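# Structural overview for review
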Amino acid sequence: MKKVNRRSFLKGGLVTGAAALAVGSAKKANASGSFGGYPDSMGVLVDMTKCIGCRTCEAACNKEQNLPKPDKPFDDKSVFEEHRHGGLPRRTTEKAYTVVNRYEIKGREHPLFRKFQCNHCQEPACLTSCFVNAYTKTPEGAVIYDETVCVGCRTCMVACPFYVPAYTFSSAINPVVKKCIMCYDTRLKFGRPPACVEACPSGVMVFGKRTDLISLAHKRIEDHPGEYNHHVYGEKDVGGTSWMYLTSEDAPFDEIGFDTHLGTEPIINYVKEFLAIVPMVLTIWPALFTGFHLLATRKDTIKNDEGEK
Amino acid sequence: MKTFAKQGFEPVDTLQKPGVAVPWTFAEKMLLGLSPGDYVKQLVRNPLNWFFALVYIIGVPVLLGRFYYGLGWATHGSYDYPWGLFLGWGLFCMVPLSASGFMLGTTVELFGRKDFKPLERLGLLNGLLGYLFAVVFLQVDLGQPWRLIYPMFVSLGPAAVLFLVAWHVATYLSVQVAELVPAASELMGWKAPKKMVKSIVLGLTVAGIILSTLHQGALGALFTYAPGKVHPLWFSAQFQWFHFFCSSIFAGLSMLIVVSTLAKRFLGWRCDANFTDNLDRITLGLAKGCALALITYLIIKMTAIAHDNEWGLLFTGWGQYYIFEICFGVVLPLMLYAKALRQKSARIARFAAIIAVLGILLNRLNTALIVFNYKLYQEIPHWREVVIVILVYSTYVIVYRACLCRLPILYTWKGESR
């Protein structure tokens, strides 16, 4: 058997250790700790009790983002009757980054309208699942996307708990993800509210610092007893989102298309259970299995040594 | 081929032509020592080739269409169902069924179980080709496949699970290529590469274990990004990676049993005595490994249910389906393997292996497609998607067969020791 002298042992140990450290620490840095969001990030509070379903926000979004002309004009209310696959209401698409849906609720006089777009999570699942780092959470609060590096694996669409990102499946040459970017390039960067917020005629949405919006939401709930549901959707859901929602007391969130079972943990926290074992496997496995090898073949080794003598 | 074998034909297994000191040329080796005319004759005689021809006539235009008209034309990929059969079958099923490479490498090289040697190379080849074609499936599915190297060199997202999968599959592919270099060297008559690989085989094997543990697990961990979409019975933040890793062990070994059975049945002319005489004994050895992995998997599956306290869900419709998956895909093969071992019957073990492979397919397709979006609606793959999957899988079988016919996998190269 080849003799292991001290120098070769040290050399081998150092190389393995350094490699393990380099790989292990890089992974660990990403796997531990919580981000929790930028302190001064902006957000929008959507008070759905005020929405009249005029779809002005949809039109404003379409114009601001230079999206293609829709099949039906924006003042056509028949879209509320539309159903996609599975009897589900309309959703965000590559041609519409925001949609308003109507919900008829039993025992409620008027229908409730729900505006929907990317919620711009504090710790976005799309961002953390992207293996080319195409997504960025800007300090202003927007989750933006760089289509020049996107490979098209579509894990972000699997990861998004709100089913927001859309994909241009019809393009063969340059398919990309399409979603609301909170008008980052044209407005948010300069401190201005997104186009949909500014266009709303009924003051459904309030643009402001996220922390202020949370206080405002709770104040509204307190000031109007019996009117609002006590849950501010997005304050804590999936780790908190930049867009938050208020609904009326008689129209609970789970009846108007919101998933209320997502929990308060950001999506990445579920993945950390796996990420945490990565440095462990990388560092312990080589030693462990080489040890197994030495144990398993010890009889051969002894035989060989005796043979040499 | 069987006809030729009956006539006394012996395929190439030496560097020199028998009787004369003239080496085989590369072209002659590729034709297995047959004349071009005879080679074509045996191709035409094989009914499987006619099936493949049909698959190609229908499939190739559809595949070209996928790249010309885009994914939307070829698949039912949607905003709600971003992934379809290409990944559901090609990545999530192919990869666990290819775990045999690292399993056999570990058994023979690391644990020193030389008695599994006759099947080691088949295990390695099954691993290499499975991974290679998983990448082919991935390339068909990616929106912009020409950007495949972006996560490696252009724009890195190292905290993402898929980043780990990309790097590990790439590294592991090279490890598996290196592990099969000896087989290619024997065919080509090279000496140095084989010796080189032999000297680092332990390192390669350990690397194989690390990479396999992590990327088999990572495929499971990909679904931990979707806690609200995958049904809770199939979802477990803590155990998902271990479910996928542990099940890949019996998946890979069962696939190896299936493949070796097919090889013995249909490529009997290429198998030597070392392979055929040892096969029943090794099959039972593999069956033991499968049984142990299956019972571990069953227990850890139950642990996950207990951990998240989901017993109540077992009584729902999805719960019944879950119980069916466990009974058919885990308990049934486990009992069959146990019976095979008790009666020392390789036949039963082979039957168990088929069930185990089907069970894995069921589990992976369930997680990726069927119980995914259980709150929304069911998606049925587009027929073009199915055609492309059959096309790529047929290519996999063709390449697999071509390798088995030529490389010293099922037979020993004359004058060489393994």
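These lines cover the structure that appears in this document, whether it is placed above or below. Along each chain, numbering runs from 1 in the same order as the chain's sequence is written. Chain labels run from A onward and ligand labels from 1 onward, assigned in the order the entries are written. Side-chain atom pairs in this predicted model are given and counted only at pLDDT of 80 or more, local residue features only at pLDDT of at least 70, and totals for whole chains, interfaces and linings cover all residues. Side-chain measures were taken over the full set of non-hydrogen atoms in the model, leaving aside hydrogen atoms and water.

### With respect to the pattern of salt bridges
When the charged atoms of two side chains lie near each other, side chains of opposite charge can form a pair. Residues and elements named next belong to chain B. What counts as a salt bridge is simple: a side-chain nitrogen of Lys or Arg found within 4 Å of a carboxyl oxygen of Asp or Glu. Taken as a whole and judged by the stated rule, the model has 21 salt bridges over all chains. Between D280 and R350 there is a salt bridge; the shortest N-O distance is 2.8 Å. Of this pair, D280 sits in helix α15 (residues 273-307) while R350 is found in helix α17 (residues 346-370), placing the two residues 70 residues apart along the sequence. Given a relative accessible area of 16%, R350 falls into the buried group. A helix here means a DSSP run of H or I that spans at least four residues, while a strand means a run of E at least two residues long, and both kinds are numbered starting from the N terminus. Each residue is assigned to one of three classes by its accessible area relative to the maximum for its type, calculated with a 1.4 Å probe on protein chains only: buried under 20%, partly exposed between the two thresholds, exposed over 50%.

### Some words on the environment of D305 of chain A
Residue and element names in this part refer to chain A. Locating D305 in the fold gives a position in helix α9 (residues 298-308). In this structure D305 comes out as partly exposed when scored by relative accessible area, which is 32%. With 20 residues separating them in the primary sequence, D305 and W285 have C-alpha atoms 28 Å apart.

### A short note on the sheet that holds strand β1 (residues 42-47) of chain A
Residues and elements named next belong to chain A. Pairing in this open sheet of three strands is mixed, and the strands run β8-β1-β9 from one edge to the other. Each edge of the sheet is formed by a strand with only one pairing partner; in this case those strands are β8 (205-209) and β9 (243-246). Going across the sheet, the axis of each strand differs from the next one's by a mean of 25 degrees, ignoring polarity. As judged from the five bridges shared by β1 and β8, these two strands associate in the antiparallel manner. Bridge pairing in β8 links V44 to F207. Contacts between residues were defined by any pair of non-hydrogen atoms, one from each residue, lying within 4.5 Å. Think of each axis as a best-fit line through the C-alpha atoms, taken over the contacting stretch in the case of a helix, with angles from 0 to 180 degrees between the N-to-C directions. Docked against the sheet, helix α6 (residues 210-223) engages β1, β8 and β9, running at close to 135 degrees with respect to β8. Any two strands are treated as partners once DSSP identifies two or more bridges connecting them.

### A few points about a nonpolar patch on the surface
Like-charged residues within 9 Å of one another, or nonpolar side chains (Val, Leu, Ile, Met, Phe, Trp, Tyr) within 5 Å, are grouped into patches, provided each residue has over 30% relative accessible area and no salt bridge. Note on areas: these come from Shrake-Rupley sampling with a 1.4 Å probe, and a residue is covered only by the protein chains present in the view. On the surface, M280, I284, L288, F292 and L295 of chain A together with F111 of chain B cluster together to form a nonpolar patch covering roughly 490 Å² of accessible area. Here F111 of chain B shows up in the loop between α8 (100-110) and α9 (117-141). Owing to a relative accessible area of 33%, F111 of chain B belongs among the partly exposed residues under this scheme.

### Observations concerning the packing of helix α11 (residues 161-188) of chain B against helix α13 (residues 201-221) of chain B
All names here are of chain B. At their nearest, the axes of α11 and α13 sit 9 Å apart, and the two run at 145 degrees to each other. Along this stretch, α11 crosses α13, giving a crossing that reads as left-handed. For the pair α11 and α13, contact is made by V161, L164, V165, H168, V169, T171, Y172, V175, A178 and E179 and by L204, T205, A207, G208, L211, S212, L214, H215, A218, L219 and A221, respectively. Two helices cross in a left-handed way if the nearer one is turned anticlockwise from the farther one by less than a right angle. They cross in a right-handed way if the turn is clockwise.

### Details of the packing of α13 of chain B against helix α14 (residues 240-266) of chain B
For any two helices packed against each other, the geometry is given by the interaxial angle and the distance between the axes. All names here are of chain B. It is at 7 Å that the axes of α13 and α14 come closest, and there the two elements cross at 125 degrees. When the interaxial angle is binned, α13 and α14 end up oblique. Here α13 runs over α14; the crossing is right-handed. On the side of α13, the interface is formed by S212, T213, Q216, G217, L219, G220 and A221, while α14 contributes Q240, W241, F244, F245 and S248. Tallied by class, residues from the contact of α13 with α14 come to five nonpolar, seven polar and no charged. Small angles under 35 degrees read as roughly parallel and large ones over 145 as roughly antiparallel, with 65 to 115 read as roughly perpendicular and the rest as oblique. Three categories are distinguished: nonpolar for Ala, Val, Leu, Ile, Met, Phe, Trp, Tyr, Cys and Pro, charged for Asp, Glu, Lys and Arg, and polar for the others, with Gly belonging to the last.

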